[in-house]
Amino acid sequence: MKNDRLVVSKVLVLDDVAAHFEHLKAFCEECGLVGIRPQQRDAASVMAILRSNVDLGGIMLYERFGGTAGQGLALAREIHAARPELPIFLRRDAVASMAGLDEKTAAMFRCAYTLADLQQLRSSLEVSIFSRVYPNELVRGISDFTRASLETLFPLCDIDTETPYLVKDRLIYGEVFTLIAIDSDWCRGYMMFQASEEAVLELLRRAGGPEGEHWTFRELNNVLGELTNLAWGSFKNRYVGHDNRGERGQTQVPIIINHQRGFISFGSDDPQLCLKYLLRERHRPEAAAVPIFQRFVFNLNWSPDEFRENPSVESLVDAGELELF
Amino acid sequence: MAQILVVDDSSTVRNEVADFLKSQGLAVATAVDGKDGLDKLKADASIKLVVSDVNMPNMDGLTMAEKIRSEQKNTAVSIIMLTTENSPAMKERGKAAGIKGWIVKPFNGPGVIATLKKLAS
């Protein structure tokens, strides 16, 4: 299905038949899925996982998850009510269909499959999660220049990058996020950074020395703003053609933010490209890594066939050098 | 009296550049956008060099550069852009406004300080 793709997707696997783990694990690896399994099987534990993982691509659910018939379906209802944007793939014992489910229940699932016949699941994953192909060169480039930007702004940290992945989630991580428009001949949409205010602010305070002790969220805003600016500039310089004349139709759609639920919608169900960077302080190796999430939402135009790196990028002066006129 | 005016809406960059230039013994003033930059330049005749971002609220750096030449009739001050922008079209617009140079962010102080000093003198 993928294998040569750089981008994976995280799925919550709610399937508690131990004999099937290896089978499902192999299937996930083959399809570019990273499976997350709950420690506890009760609904409260599952919902807690959903609350703490804001970057899921979907859910693989066994109809008898929890032990008895109907428990899996009851959990599906709870999940679907809380996170309708997440596709749920239902594993059934007998038939790879919605047979025996009422219409409302069946509508919650993207597909039904059995272990004996995973083709339906495979096809559904392609349509539901891997419906967008992000060119490897693009993903690699984004990861490289963003990492370089983070190294500039957090010089006392090592920066690790997790494998890029696709998300269907619309939840916002942390308390602060930035948003900037991306507009080119081949893609239009937005780039976001999301972070936990206190965790990043603590990094900045420690790096700032005595002066940094009094820094507030405003300093954090400035740094995340500059991170966004640097990454945006790099994206434009690499991937937005210099002959881009902005003559495309200036369509827009409303962006909806629900602060209470930490939810943001760009009006598109397409999977978003997500990169997670982990900042680790060199002099405090025991401290937990601080995550910063970067998301790309190309909701207004996505034409990857026309993707190209700027031909002139090689001849551009290096960042930081002065080009005299 | 300042020798160099640093114009950037990001306080992170503004402070970084200003602190670095000060550490090199230069007198530095700062402005938060192009409009503020025009006002500061008008009020301080000792400024010999402007280091400015391009993308800023209220007034962008290129418009500020154009106004320095056209409205303030100031041809004595040297202007350098410090920006994430790297498009030939923008540079051409900058050249037409009489700017002297272009630095792509992130700022690399030691690499450009010698040239800045030369321009400032």
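Criteria and thresholds
Residues numbered from 1 in each chain as written. Chains lettered and ligands numbered in written order. Predicted model: local features only at pLDDT ≥ 70, side-chain atom pairs only at ≥ 80, totals over all residues. Heavy atoms only, no water. Helix = DSSP H or I, 4+ residues; strand = E, 2+ residues; numbered from the N terminus. Rg over C-alpha atoms; globule rule 2.2 N^0.38 Å. Buried < 20%, exposed > 50% of the residue type's maximum accessible area, 1.4 Å probe, protein only. Contact = heavy atoms within 4.5 Å. Areas by Shrake-Rupley, 256 points an atom, 1.4 Å probe, with all protein chains shown as cover. Lys, Arg positive; Asp, Glu negative; His and termini not counted. Charge placed at Lys NZ, Arg CZ, Asp CG, Glu CD. Pairing = 2+ DSSP bridges. Salt bridge = Lys/Arg side-chain N within 4 Å of Asp/Glu carboxyl O. UniProt positions renumbered as here; feature names shortened; annotations may be inferred. Core = buried A, V, L, I, M, F, W, Y, C linked by side-chain atoms within 4.5 Å.

By the naming in an unreviewed UniProt entry, chain B goes by Two-component system, chemotaxis family, response regulator CheY and is assigned to Pseudogulbenkiania subflava DSM 22618.

As annotated in an unreviewed UniProt entry, chain A is Chemotaxis phosphatase CheX from Pseudogulbenkiania subflava DSM 22618.

Caption draft 1: Looking closely at the overall build of chain A. Tallying secondary structure elements over chain A gives eight helices and 14 strands in all. Computed over the C-alpha atoms, the radius of gyration of chain A is 22 Å, within 12% of the 20 Å expected from 2.2 N^0.38 for a compact globule of 325 residues. With the C-alpha coordinates of chain A rotated into their principal frame, the extents come out at 75 × 50 × 35 Å. Counting over 325 residues, chain A shows a buried share of 50%. Taking the contacts inside chain A whose residues are at least 6 apart along the sequence as the reference set, 73% of them involve residues at least 24 apart. Within the structure as shown, chain A displays about 14,900 Å² of accessible surface, and the carbon and sulfur contribution to it stands at 49%. In chain A, 35 side chains carry a positive charge and 46 a negative one; their mean positions are 5 Å apart.

Caption draft 2: Layout of the pairing of strand β3 (residues 49-52) of chain B. All names here are of chain B. Residues of β3 alternate between two faces, with L49 and V51 on one and V50 and S52 on the opposite face, all of them buried. Two elements, strand β1 (residues 4-7) and β3, share four bridges in a ladder whose sense is parallel. Within β3, the position partnered with V7 by the bridge is S52. Of the pairings in the sheet, the one linking β3 to strand β4 (residues 78-83) comprises four bridges and is parallel in character. The residue of β4 that forms the bridge with S52 is M81.

Caption draft 3: Quick look at the pattern of salt bridges. Counted under the stated rule, the structure contains 28 salt bridges over all chains. One salt bridge in this structure joins K10 of chain A and D55 of chain A, with 3.2 Å as the shortest N-O distance. Of the two residues, K10 of chain A sits in strand β1 (residues 8-14) while D55 of chain A sits in the loop between α2 (43-52) and β3 (58-62), which places them 45 residues apart along the sequence. Grouping residues by exposure puts K10 of chain A and D55 of chain A together as buried. For the salt bridge of K105 of chain B with E226 of chain A, the shortest nitrogen-to-oxygen distance reads 3.4 Å. On the criterion of chain membership, the pair formed by K105 of chain B in the loop between β5 (101-104) and α5 (109-120) and E226 of chain A in helix α8 (residues 217-239) is interchain, its members lying in two chains. Judged by relative accessible area, which is 6%, K105 of chain B ranks as buried. Salt bridges linked by common partners bring E198, E202, R205, R206, E281 and R284 of chain A together as one network.

Caption draft 4: Examining the environment of E85 of chain A more closely. Residue and element names in this part refer to chain A. Inspection of the secondary structure assignment puts E85 in the loop between α3 (71-82) and β4 (88-91). When its relative accessible area of 15% is taken as the criterion, E85 is described as buried. Sequence spacing of E85 and V13 is 72 residues, and the spatial spacing of their C-alpha atoms is 17 Å.

Caption draft 5: Fine view of the UniProt feature "modified residue: 4-aspartylphosphate" (unreviewed entry) in chain B. All names here are of chain B. Per the UniProt record, "modified residue: 4-aspartylphosphate" (unreviewed entry) is found at D53. On the accessibility criterion, D53 (2% relative accessible area) is buried. Look past the residues within four positions of D53 in its chain and what remains in contact with it is V7, D8, D9, G61, M81, L82, T83 and K105.

Caption draft 6: The nonpolar core, seen in detail. Residue and element names in this part refer to chain A. M60, F154, F235, L279 and I292 are the most contacted members of the largest nonpolar core, which totals 60 residues. Top element by residues in this core is α8. It accounts for nine residues. Counting residues in each nonpolar core, the second largest holds 23 residues, with L14, I49, L75 and I79 among its members.

Caption draft 7: Representation of the environment of I142 of chain A within the structure. Residue and element names in this part refer to chain A. By the element assignment, I142 lies in helix α6 (residues 136-153). The exposure class of I142 is buried, given its relative accessible area of 0%. Leaving out residues up to four positions away in the same chain, I142 has contacts with F235, Y239, L273, L275, Y277, Q294 and F296.

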